[in-house]
Amino acid sequence: MNRQQIELFFATLKAANPTPQTELEYTTVFELLAAVLLSAQATDVSVNKATRKLFPVASTPQAILDLGLEGLESYIKTIGLYRSKARHLMETCRILVERHGGEVPSTREALEALPGVGRKTANVVLNVAFGQPTMAVDTHIFRVSNRTGLAPGKTPLAVEQQLEKRVPAAYAVDSHHWLILHGRYVCLARKPRCPQCAVSAYCDFKEKTRA
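Being a predicted model, the structure only gives us computed values, none of them experimental.

All chains considered together, the criterion is met by zero disulfides. No disulfide involves Cys 194; its sulfur sits 6.5 Å from the nearest other cysteine sulfur, which is in Cys 197. Taking the relative accessible area as the measure of exposure, Cys 194 reaches 12% and is therefore buried. The thiol of Cys 203 is unpaired, and the distance to the nearest cysteine sulfur, on Cys 187, comes to 6.4 Å.

This is the structure we're talking about:
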């Protein structure tokens, strides 16, 4: 994709959805961090189902600690890898209370120092909670970036770096939401919905599906 195609690609996505949002449900920065941590290798739907019960009972680091490990597990056991995620979340809560006054830090270094928080999770929190133009490359963004020719790369980090170079500044903050939603509902893994795609005219994918 050339510069003009990229501009039209994002302008079209913005026109269709001016203020894209994460599909994870949260009301505070800590709830967002917890939800993203729990969402690794799990669907947003499954995480929301669990946190709708968890957050009304425990929505702060201290409240999670007060639940205890078994108590936390009882709320999130429907999520994949719940045992390891429970341990990571408990340890993260302990660090937030002891080192950050119970608040979620706003720097990549501090976020990535938390158990279970990798680069992608940190990027989501920095983007959604703090409005930074970070690119959280999940399987959807990786696929869309490579398939369309927007930001080709062999690894998530390579795609992230390409996106940072190629996405126009005007679209940078919201771009990762648009790409996730596009990959989740239109540019599907097995059979992309090219006939219904609003940006297919700007896409380099040669084997477009037909109606």
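As enumerated under the stated definition, the model contains eight salt bridges in all. A salt bridge links Arg 184 to Glu 23; the shortest N-O distance between them is 2.4 Å. Here Arg 184 is found in helix α10 (residues 172-185), whereas its partner Glu 23 is found in the loop between α1 (3-16) and α2 (29-38), with 161 residues between them in sequence. According to the relative accessible area criterion, Arg 184 is partly exposed, its value standing at 24%.

One broad rule of soluble globular proteins: the nonpolar side chains tend to lie buried together. Counting 34 residues, the largest nonpolar core has Ile 64, Leu 72, Leu 89 and Leu 111 as its most contacted members. Looking at this core, the elements with two or more residues in it are α2, α3 (44-54), α4 (61-76), α5 (82-100) and α7 (119-128). It is α2 that contributes the most residues to this core, eight residues altogether. Those residues within four positions of Leu 111 in sequence are excluded, and the remaining contacts are Val 104, Pro 105, Val 117, Ala 122, Val 125 and Leu 126.

Turning to the side chain of Arg 143, a few remarks are in order. Considering the arrangement of structural elements, one finds Arg 143 in helix α8 (residues 139-148). Buried charge Arg 143 goes without a salt bridge, the closest partner of opposite sign being Asp 138 at 7.4 Å. A polar contact of 3.0 Å, which involves the side chain of Arg 143, links it to the side chain of His 140.

Glancing now at α10. Its 14 residues place the ends of α10 21 Å apart at the C-alpha level, agreeing with the 20 Å of an ideal helix rising 1.5 Å per residue. Turning to α10, its buried residues number three or more, namely Ala 172, Ser 175, His 176, His 177, Trp 178, Leu 179, Ile 180, Leu 181, His 182 and Gly 183. Each element contacted by the buried residues of α10 is listed here: α1, α7, α8 and α9 (156-166).

Moving on: the packing of α3 against α4. Axis angle and axis distance: for two packed helices, these are the angle between their axes and the distance between the axes, and together they describe the pair. Contact geometry for α3 and α4: axes closest at 11 Å, N-to-C directions at 140 degrees. The orientation of α3 relative to α4 falls into the category oblique. Relative to α4, the crossing made by α3 is right-handed. Only Ile 64, Leu 67, Leu 72, Tyr 75 and Ile 76 of α4 make contact with α3, whose side of the interface consists of Ala 50, Lys 53 and Leu 54. The class makeup of the residues in the contact of α3 with α4 is seven nonpolar, no polar and one charged.

This part covers the packing of aromatic side chains. Applying the stated criterion across every chain, the model contains four aromatic pairs. For the pair Phe 9 and Phe 10, a centre-to-centre distance of 5.2 Å together with 80 degrees between the ring planes defines the contact as edge-to-face. Relative accessible area serves as the criterion here: at 0%, Phe 9 is assigned to the buried category. Summarising the aromatic geometry, the rings of Phe 10 and Tyr 171 are spaced 5.8 Å apart at their centres and angled 20 degrees between planes, so their arrangement reads as stacked. Here Phe 10 is found in helix α1, whereas its partner Tyr 171 is found in the loop between α9 and α10, with 161 residues between them in sequence. In this structure, Phe 10 and Tyr 171 share a single accessibility class: buried. Aromatic ring contacts, followed pair by pair, group Phe 9, Phe 10, Tyr 171 and Trp 178 into a single cluster. One residue, Arg 147, lies across the ring of Phe 205, its end atom 5.2 Å from the ring centre.

About the cut-offs
- Residues numbered from 1 in each chain as written.
- Predicted model: local features only at pLDDT ≥ 70, side-chain atom pairs only at ≥ 80, totals over all residues.
- Heavy atoms only, no water.
- Disulfide = S-S within 2.5 Å.
- Buried < 20%, exposed > 50% of the residue type's maximum accessible area, 1.4 Å probe, protein only.
- Salt bridge = Lys/Arg side-chain N within 4 Å of Asp/Glu carboxyl O.
- Helix = DSSP H or I, 4+ residues; strand = E, 2+ residues; numbered from the N terminus.
- Core = buried A, V, L, I, M, F, W, Y, C linked by side-chain atoms within 4.5 Å.
- Contact = heavy atoms within 4.5 Å.
- Lys, Arg positive; Asp, Glu negative; His and termini not counted.
- Polar contact = N/O pair within 3.5 Å; in protein donor to acceptor, adjacent residues only side chain to side chain.
- Expected span 1.5 Å × (residues − 1).
- Axes fitted to C-alpha atoms, helices over the stretch in contact; angles between N-to-C directions.
- Parallel < 35°, antiparallel > 145°, perpendicular 65-115°, else oblique.
- Left-handed = near helix turned anticlockwise from the far one by under 90°.
- Nonpolar A, V, L, I, M, F, W, Y, C, P; charged D, E, K, R; others polar.
- Phe/Tyr/Trp six-rings, centres within 6.5 Å; stacked < 30°, edge-to-face > 60°.
- Lys NZ or Arg CZ within 6 Å of the ring centre and 35° of its normal.

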